[in-house]
Amino acid sequence: MSETPIIYRECLLKHFPTTVKTEYNPVDFIIGFASENYNSSGGGTGYFQPTWNLDTFSPEKVKGLKEIYGARVRWVISIGGVGTDYPFNPIDKFAWVVAAVNSIKEIIQIYDDDNHKNLIDGIEIHYEAIKGSDVDFSSCIGHVIILLKEDPDLSIKVVSIAPTEDTQSYYQTLYHGNPKSIDFVDYLFTNHTFSSDEDVVKLYKKTSC
């Protein structure tokens, strides 16, 4: 009987990992963040840029860790940002999707190796502030996920979403609209306090509806 895999996920902002926890498989390293540009009114353009240091998280270092640990190490790019400075607020929904897909693909392809094989295994949707309807969020983000995951030039095998207490209804709509395209839900326990294990279970049941 095969054991259920224990997944370890870590968000990386400034420091490159030098070791991998051997008790976990797979290990997902999530690079944060690919954030978009906004116009003077705060409208999202869909043009994303990496906010991390490209020397710290260079293609050579990413490839090196993959060569040491093999397929158990997966590299994920987090899309969005922390807090209200990086909201989902597209100026034009159709134009936003086109720009988002193209610009995120360009970021991912920074990590092509010498054989044009891509080193990025997945993406995570990490918007903590969302303006507009849950239908718009689901439609725009859902299209971006599907187009990137189905792009033959990329190797996107894992997609996760990161809801908070304030945004969970948006992410629930996104998930229920795209259940075959989303692999994990990384719930962010921001502003939560728990007095017992039962509180954690109750929150899980509430958010998994």
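Computed from a predicted structure; not experimentally measured.

Attention now moves to the overall build of the protein. A tally of regular secondary structure across the protein gives five helices and seven strands. If you list the helices and strands of the protein from N to C, you get β-β-β-α-β-α-β-α-β-α-β-α. Along the first, second and third principal axes, the C-alpha set of the protein runs to 45 × 45 × 30 Å. Counting the 209 residues in the protein, one finds 46% classified as buried. Taking as baseline every contact in the protein between residues at least 6 positions apart, the subset at least 24 positions apart corresponds to 70%. Summed over all atoms, the accessible surface of the protein reaches about 11400 Å², with 51% contributed by carbon and sulfur. In the protein, 18 positive and 29 negative side-chain charges are present, and the distance between their average locations comes to 3 Å.

A few words now on the pattern of salt bridges. As enumerated under the stated definition, the model contains 10 salt bridges in all. The residue Arg74 makes a salt bridge to Asp28 at a minimum N-O spacing of 2.6 Å. Placement of Arg74 in strand S4 (residues 73–81) and of Asp28 in strand S2 (residues 27–38) is noted, with a sequence separation of 46 residues between them. Among the ionic pairs, Lys149 bridges to Asp183, the shortest N-O distance being 3.1 Å. Linking Lys149 in helix H3 (residues 134–149) with Asp183 in the loop between helix H4 (168–177) and strand S7 (184–185), this pair joins segments that are 34 residues apart in sequence. Here Asp183 falls in the partly exposed class, since its relative accessible area comes to 36%. If you follow the salt bridges from partner to partner, you end up with Arg9, Asp28, Arg74, Glu124 and Asp186 in one network.

Right, let's talk about the packing of helix H2 (residues 93–109) against H3 for a bit. At a minimum axis distance of 10 Å, the contact between H2 and H3 shows a crossing angle of 35°. Remark: the crossing between H2 and H3 carries right-handed chirality. Contacts from Lys93, Trp96, Val97, Ala100, Val101, Ile104 and Lys105 in H2 reach Asp136, Cys140, Ile141, His143, Val144, Leu147 and Leu148 in H3. Among the residues forming the contact of H2 with H3, the class breakdown is 10 nonpolar, one polar and three charged.

Take the packing of aromatic side chains next. We describe a pair of aromatic rings using the distance from one ring centre to the other and the angle between the two ring planes. The full count for this structure, using the stated rule, is 10 aromatic pairs. Aromatic side chains Phe29 and Trp75 sit 5.4 Å apart centroid to centroid with 40° between the ring planes, which places their arrangement in the tilted category. Of the two residues, Phe29 sits in strand S2 while Trp75 sits in strand S4, which places them 46 residues apart along the sequence. Ring plane angle 85° and centroid distance 5.1 Å describe the contact between Phe88 and Phe137, whose orientation is recorded as edge-to-face. Pair noted here: Phe88 is in the loop between S4 and H2 and Phe137 is in helix H3, with a separation of 49 residues, a long-range link. Accessibility expressed as a relative area gives 0% for Phe137, which makes it buried. Members of the aromatic cluster, connected to one another through ring pairs, are Phe48, Phe88, Trp96, Tyr127, Phe137, Tyr170 and Tyr171. In this structure, Lys61 packs its charged tip against the face of Phe16, placed 6.0 Å from the ring centre.

Rules and cut-offs
Residues numbered from 1 in each chain as written. Predicted model: local features only at pLDDT ≥ 70, side-chain atom pairs only at ≥ 80, totals over all residues. Heavy atoms only, no water. Helix = DSSP H or I, 4+ residues; strand = E, 2+ residues; numbered from the N terminus. Buried < 20%, exposed > 50% of the residue type's maximum accessible area, 1.4 Å probe, protein only. Contact = heavy atoms within 4.5 Å. Areas by Shrake-Rupley, 256 points an atom, 1.4 Å probe, with all protein chains shown as cover. Lys, Arg positive; Asp, Glu negative; His and termini not counted. Charge placed at Lys NZ, Arg CZ, Asp CG, Glu CD. Salt bridge = Lys/Arg side-chain N within 4 Å of Asp/Glu carboxyl O. Axes fitted to C-alpha atoms, helices over the stretch in contact; angles between N-to-C directions. Left-handed = near helix turned anticlockwise from the far one by under 90°. Nonpolar A, V, L, I, M, F, W, Y, C, P; charged D, E, K, R; others polar. Phe/Tyr/Trp six-rings, centres within 6.5 Å; stacked < 30°, edge-to-face > 60°. Lys NZ or Arg CZ within 6 Å of the ring centre and 35° of its normal.

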